[in-house]
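Single-letter residue listing:
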Amino acid sequence: MEMEVMDNKFFNVGLLVVATLLVAKIISALIMPRSSKRLPPVIKAWPPLIGGLLRFLKGPIIVLREEYPKLGNVFTLNLVHKNITFLIGPEVSAHFFKASESDLSQQEVYRFNIPTFGPGVVFDVDYSIRQEQFRFFTEALRVNKLKGYVDQMIVEAQDYFSKWGDSGEVDLKYELEHLIILTASRCLLGREVRDKLFDDVSALFHELDNGMQPISVMFPYLPIPAHRRRDRARKRLAEIFASIIASRKASGKCENDMLQCFIDSKYKNGRPTSEGEVTGLLIAALFAGQHTSSITSTWTGAYLLRFKEYFVAVVEEQKTLMKKHGEKIDHDILSEMEVLYRCIKEALRLHPPLIMLLRQSHADFSVTTHEGKKYDIPKGHIVATSPAFANRLSHIYKNPDSYDPDRFAAGRDEDKVAGPFSYISFGGGRHGCLGEPFAYLQIKAIWSHLLRNFELELISPFPETDWNAMVVGVKGKVMVRYKRRRLSVNGL
Ligand code: HEM
């Protein structure tokens with residue numbers, strides 16, 4: 001009898017286990033219908049729940065360096081309540097760059113910029129309005145406008161370096177940062193700011209900059225002193241620009257700067273931009289272009305001064321152009337500086353200031369790696385790609401960590417061989433940088449002036465990368481010894 005009861009007990013328990021497993025399987029099939037999909041591998045992190053976030057906070061590039069060799073081109077990191085999927089390399093990132101806004105959008109992941117740029121612009125407006133505002137940028141950066149900006153860039157560089165002595169030592173990073181703020185003020189913010197309000201406006205921009213802390217990405221409205229100062233500065237800038245715009249409109253004077261372009265811009269329905277929108281778009285332009293360009297001009301200098309063969313090559317190019325055009329420099333002559341262009345491009349390949357680009361996915365999509373592995377990325381994931389990492393892939397670039405500007409020369413074209421999106425310092429596709437030509441012209445204008453007028457020598461150790469900055473730049477000072485000399489076309 002006892003035996004029978006025991007048998008029954010075992011039978012019942014067995015039945016219960018089987019039934020539980022069956023129900024669990026049915027439930028998991030119902031609530032996780034994607035389990036049959038080829039999801040990307042997930043990064044291991046400890047402790048559970050917050051381990052992923054802790055690893056991400058240590059630095060996204062560290063995570064990529066550790067996980068890429070183990071997991072390959074596509075992998076997911078659990079960030080508490082979000083999944084972030086990395087797409088590394090041109091084969092898998094094409095969708096990232098080309099997808100429509102309804103599939104992969106920027107607004108959710110870049111919303112933290114709203115208190116800085118201000119209301120009614122860029123990430124605070126619907127995509128249809130944002131597209132129109134990007135059209136205003138495109139028009140303000142057309143070649144006919146750029147030609148005028150270049151003349152101003154050249155005057156700024158001449159004025160700035162005329163204040164250097166006959167010889168001396170300077171922190172190149174500090175110097176180029178300042179020159180680029182002055183140039184950006186002239187070309188983008190306009191004559192009034194550059195000539196009369198430069199100190200006030202740059203102090204206010206400095207407060208906006210300081211209001212952009214790593215914590216601001218998660219909590220842009222946290223009531224901390226840096227955010228309060230940011231909000232006060234944003235308000236004051238709006239007042240300053242409102243009065244400049246009003247006096248331009250009243251005088252009917254027309255200038256060649258981005259401010260004027262934004263004042264004259266009209267939406268498709270005929271509505272002109274408001275003063276608040278013009279201010280917001282100018283702030284967005286400065287945030288997009290100022291640090292990125294000054295960092296790139298400093299890295300370019302550091303590499304040219306470290307590798308004599310490239311320094312000699314860019315000086316030779318200046319001599320050739322001087323033989324052809326004399327002292328003159330304008331948009332078209334800057335555009336002939338191919339060797340200098342490749343040297344800048346290579347510095348920017350190794351040190352893209354925007355190290356992580358993000359989107360929010362709203363629809364499932366699939367990618368195939370260069371090794372033929374397929375992955376399905378579910379909607380709801382944040383999707384990321386990293387110029388800092390993808391620009392150094394060894395299946396795209398030969399000796400990817402070495403400075404080799406000739407890799408972009410005709411015949412090698414390493415950034416084109418694997419197709420588009422191999423070189424992503426300026427992003428690409430649907431949201432590719434609109435200021436790329438402006439940035440190159442500005443950096444070339446500065447460096448051609450330096451090469452023609454100074455002997456230069458790097459006297460501090462080759463700089464390191466400052467990974468902690470929001471826009472990743474150069475750590476510490478970049479000390480340079482200079483001596484004034486005119487470049488002679490018949491020899492150095
Ligand atoms: C070396 C200098 C620069 C670098 C490295 C750079 C880099 C980038 C990158 C990576 C993006 C794409 C962001 C994304 O896909 O999420 C971007 C977009 C953009 N950049 Fe630049 N940028 C530079 C200079 C400039 C300048 C000087 C301006 C304007 C004067 C500018 C205006 C813009 C704008 C308006 C966009 C947004 C385009 C869109 O979303 O459709 N950039 N930039």
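Calculation notes
Residues numbered from 1 in each chain as written. Predicted model: local features only at pLDDT ≥ 70, side-chain atom pairs only at ≥ 80, totals over all residues. Heavy atoms only, no water. UniProt positions renumbered as here; feature names shortened; annotations may be inferred. Phe/Tyr/Trp six-rings, centres within 6.5 Å; stacked < 30°, edge-to-face > 60°. Helix = DSSP H or I, 4+ residues; strand = E, 2+ residues; numbered from the N terminus. Buried < 20%, exposed > 50% of the residue type's maximum accessible area, 1.4 Å probe, protein only. Lys NZ or Arg CZ within 6 Å of the ring centre and 35° of its normal. Pairing = 2+ DSSP bridges. Salt bridge = Lys/Arg side-chain N within 4 Å of Asp/Glu carboxyl O.

An unreviewed UniProt entry annotates the protein chain as sterol 14alpha-demethylase of Carnegiea gigantea. Its UniProt record gives the protein chain the following Catalytic activity (unreviewed entry) comment, quoted word for word: "a 14alpha-methyl steroid + 3 reduced [NADPH--hemoprotein reductase] + 3 O2 = a Delta(14) steroid + formate + 3 oxidized [NADPH--hemoprotein reductase] + 4 H2O + 4 H(+)". Looking at the protein chain in UniProt, the text filed under Subcellular location (unreviewed entry) is "Membrane".

Turning to the packing of aromatic side chains, a few remarks are in order. Enumeration over the complete set of coordinates arrives at 27 aromatic pairs. Ring geometry for Phe-134 against Phe-137: centres 6.0 Å apart, planes inclined by 45°, an arrangement best described as tilted. You can see Phe-134 and its partner Phe-137 sitting in helix α7 (residues 127-140), three residues apart, about one turn around the helix. Classification of Phe-137 as buried rests on a relative accessible area of 8%. An aromatic cluster of at least three residues, connected via ring pairs, comprises Trp-299, Tyr-303, Phe-307, Tyr-310, Tyr-403 and Phe-462. Directly above the aromatic system of Phe-462 lies the positively charged group of Arg-306, at a separation of 4.4 Å from the ring centroid.

Turning our eyes to something else, we now look at the pairing of strand β9 (residues 454-458). Going residue by residue along β9, you find Phe-454, Leu-456 and Leu-458 tucked away on one face and Glu-455 and Glu-457 left uncovered on the opposite face. Here β9 pairs with strand β12 (residues 479-484) via five bridges, running antiparallel. Residue pairing in the sheet places Phe-454 in a bridge with Arg-484 of β12.

Here the structure, examined in full by the defined rule, presents 35 salt bridges. For Arg-236, the salt bridge goes to Glu-239, with nearest N and O atoms at 2.9 Å. Placement of both Arg-236 and Glu-239 in helix α13 (residues 225-251) is noted, with a separation of three residues, approximately one turn of the helix. For Arg-271, the salt bridge goes to Glu-277, with nearest N and O atoms at 2.8 Å. A relative accessible area of 36% means that Arg-271 is categorised as partly exposed.

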